Amino acid sequence: MKKLFAVIMAAAMIASVFVFTANAAENEWEVYASVGNYKESYETESDMPKIPGLRYTENGVQMYSASTTELKAMGLNGWGGLQLKEKVDLSNGFTMTAVIDKYTEEAVDKWIAFCLWTEPKATPGDATHGKGWFSLCRPSGDRVELQSFVDTPATCKLIGNNIDTNIYEQEALVFEVKKVDGKLAIFINGVDMNAPEAFDRFENNEAYVSIVLHQGRQEEVACTITEVNGVKPTGTESQEPFVPSDAKPRVEGPEVEAGKPCWLYTAESVKDGKPGTGMTSIVNDDGSLHVTITGDNQVLINPRIKEYIYQASDFPVWACKFKGLDDIYDSAGLWYCAGEVTAAQNDSMTSFSWYEAEEAGDGWMVVTVDLDGAARWEGEINSFRLDIDATTDHGGEEFDLAWIGFFRSEEEAYAYAGVKQTTDTTTEDTSTPSGDTTDNVTTPSDDTTKADDTTEAKTDAPTTKAPETTTNSGSQGGPNTGVIIAIVVAAVVAIAAVVAVVVLKKKKK
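The paragraphs below set out a description of the structure included in this document.

1. Notes on the nonpolar core
One recurring pattern in soluble globular proteins: nonpolar side chains tend to sit buried together. Within the largest apolar cluster, 63 residues are counted, with the highest numbers of intra-cluster contacts made by Trp-29, Phe-94, Phe-114, Leu-116, Trp-133 and Phe-175. The element best represented in this core is strand β8 (residues 110-117), accounting for seven residues. Residues Trp-263, Leu-289, Val-291 and Ala-338 belong to the second largest nonpolar core, which totals 44 residues.

Listed below in structure tokens is the structure:
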């Protein structure tokens, strides 16, 4: 029986009633994980938020994630938030300077976000906990692309502006609020973020100020705030990044029977009735999920394979069994993550149409995407991200989901889903002997079961525990972003811009 950790986080979630000023005292900063990972209690250590570390240095206050080794053991990408504990009065302006200490130079999804938010623990892409403004600063070599959003990724105020700043040489990012023609405006390194309406969200112009780092690599991230309103942050408080004692790397998975998937996302994978971002769910009598779109965020599912290792080359077919999605949407985006790709990125994405699905009986449909030969589909399977809808236009719509998984072939996926497939056989005697009901139809057993309080993906390998997954309604560690993520806001921008998207053609027989 699992030991229950009754860890109450209410105090950390309560907004302070005080207002920060330029003459504030020491120890004004705190670190946080993606807001979607906080609960009133946690069943195991692994369920607890992976809060980064904090320390005051000679340069200011530093946020730093767990080490690369620890992140790999937890299966998490680099992610961490650093915020002022108390709300800031922005009426007379505000400045904050950040220097990036550790960050990947690889061409993966990554961003540095400045945030002004009505609630603590601002998490870019999670619109269910407060509102306000956030930026995404995307570094590339000696330049940084600036993006600006109000409330959600769907409300883009600025995109494509570049600044000549090399964060890898410790060139600073300067965040500033100041009055222009009598009205408050937001700037990063002198560039106007074009979001004056953001201040309509804040009572008395008071907001929580934070910076968040995310990268699609299981490598350490760190940053230092060197000044706030011209004063270097000081203090004596410190804390180490939280790493569960049971964190361990994935191991080679057991042999998978013919006709079975190596891994499944099912109702068992869902915690707290949240199968992904922008949706809620209940469990049907047959063990499938009945999903309702909330309309308060983009709609996506972003689980990861936590326990076992399976090779992309052995299981190249992604498949989804559903009801009703084709009545709501035309198509979806699939971000597939294997090998060095651990979060959604532009060169590891395809799209498909729900109308390509095959009938699987009783109203069920199954759609497949054959990734064999796709760019970046190599090495260990890490996760996938299914972008069902990048808008908030379908609140209240409903659909059912039986499972999503990886298979050896489309034929095995169809058979597992219950699609009737005939074989080419020649026989002189076509009569069926008494008691023999064989009709060349392959029908799998019903593999979905009702959800419990764990977050696991189902495997059909015999006598083995199912691999665990974490859904992402936030952005902790990229793919498990809770649900952020995880969420990776860059994915939405990439879809809208149709940048570097390779559409894979289904291979049907």
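2. A look at the side chain of Asp-370
Within the secondary structure layout, Asp-370 lies in strand β27 (residues 364-370). Side-chain polar atoms of Asp-370 contact the backbone nitrogen of Asp-372, separated by 3.0 Å.

3. So, the sheet that holds strand β21 (residues 299-301)
The strands that make up a sheet are held in pairs by hydrogen bonds between backbone atoms, and each pair lies either parallel or antiparallel. Strand order in this open sheet of four strands is β21-β28-β24-β25, and the pairing throughout is antiparallel. Edge positions in the sheet fall to β21 and β25 (349-353), since each of these pairs with one other strand and no more. Averaged over all pairs of adjacent strands, the angle between strand axes in this sheet comes to 20 degrees, irrespective of strand direction. Note: strand β24 (residues 331-338) against strand β28 (residues 381-389), six bridges, orientation antiparallel. Its bridge partner being in β28, Leu-334 is matched across the sheet by Leu-386.

4. Regarding the pairing of strand β4 (residues 60-64)
Burial within β4 is extensive, with five of its five residues counted as buried. With five bridges connecting them, strand β3 (residues 53-57) and β4 associate as antiparallel partners. By the bridge assignment for β4, Arg-55 is matched with Gln-62. Joining the antiparallel neighbours β3 and β4 is a turn of two residues.

5. Notes on the packing of aromatic side chains
Per the counting criterion, the structure on display carries 21 aromatic pairs. Ring plane angle 15 degrees and centroid distance 5.7 Å describe the contact between Trp-133 and Phe-175, whose orientation is recorded as stacked. Placement of Trp-133 in strand β9 (residues 132-140) and of Phe-175 in strand β12 (residues 173-180) is noted, with a sequence separation of 42 residues between them. Given the relative accessible area of 0%, Trp-133 is considered buried. Given the relative accessible area of 0%, Phe-175 is considered buried. Measuring from centroid to centroid gives 5.4 Å for Trp-403 and Phe-407, while their planes differ by 50 degrees, and the two rings are tilted. As far as burial versus exposure is concerned, Trp-403 and Phe-407 are alike and both buried. A connected cluster of aromatic rings, assembled from ring pairs, spans Trp-263, Trp-318, Phe-322, Tyr-336, Phe-352, Trp-354, Trp-377, Phe-384 and Phe-406. The lysine or arginine in question, Lys-121, covers the ring of Tyr-38, its NZ or CZ lying 5.2 Å from the ring centre.

6. A look at unusual backbone geometry
Unusually for a residue other than glycine, Asp-151 sits at a positive phi of about 70 degrees. The backbone of Asp-362 sits at a positive phi, close to 55 degrees, despite the residue not being glycine. In this structure, Asp-362 sits in the loop between β26 (358-361) and β27. Using a relative accessible area of 71% as the deciding quantity, one classes Asp-362 as exposed.

7. What about the sheet that holds β12?
An order of β3-β4-β16-β7-β12-β13-β14 is seen for the seven strands of this open sheet, with the pairing classed as antiparallel. One side of each edge strand has no neighbouring strand; the edge strands of this open sheet are β3 and β14 (191-192). Sheet topology places strand β7 (residues 94-102) next to strand β16 (residues 222-228); six bridges connect them, and they run antiparallel. Bridging from a neighbouring strand, Val-99 pairs with Thr-224 of β16.

Rules behind the numbers
- Residues numbered from 1 in each chain as written.
- Predicted model: local features only at pLDDT ≥ 70, side-chain atom pairs only at ≥ 80, totals over all residues.
- Heavy atoms only, no water.
- Core = buried A, V, L, I, M, F, W, Y, C linked by side-chain atoms within 4.5 Å.
- Buried < 20%, exposed > 50% of the residue type's maximum accessible area, 1.4 Å probe, protein only.
- Helix = DSSP H or I, 4+ residues; strand = E, 2+ residues; numbered from the N terminus.
- Polar contact = N/O pair within 3.5 Å; in protein donor to acceptor, adjacent residues only side chain to side chain.
- Pairing = 2+ DSSP bridges.
- Axes fitted to C-alpha atoms, helices over the stretch in contact; angles between N-to-C directions.
- Phe/Tyr/Trp six-rings, centres within 6.5 Å; stacked < 30°, edge-to-face > 60°.
- Lys NZ or Arg CZ within 6 Å of the ring centre and 35° of its normal.

Functional significance is not addressed by these values, which are geometric in nature.
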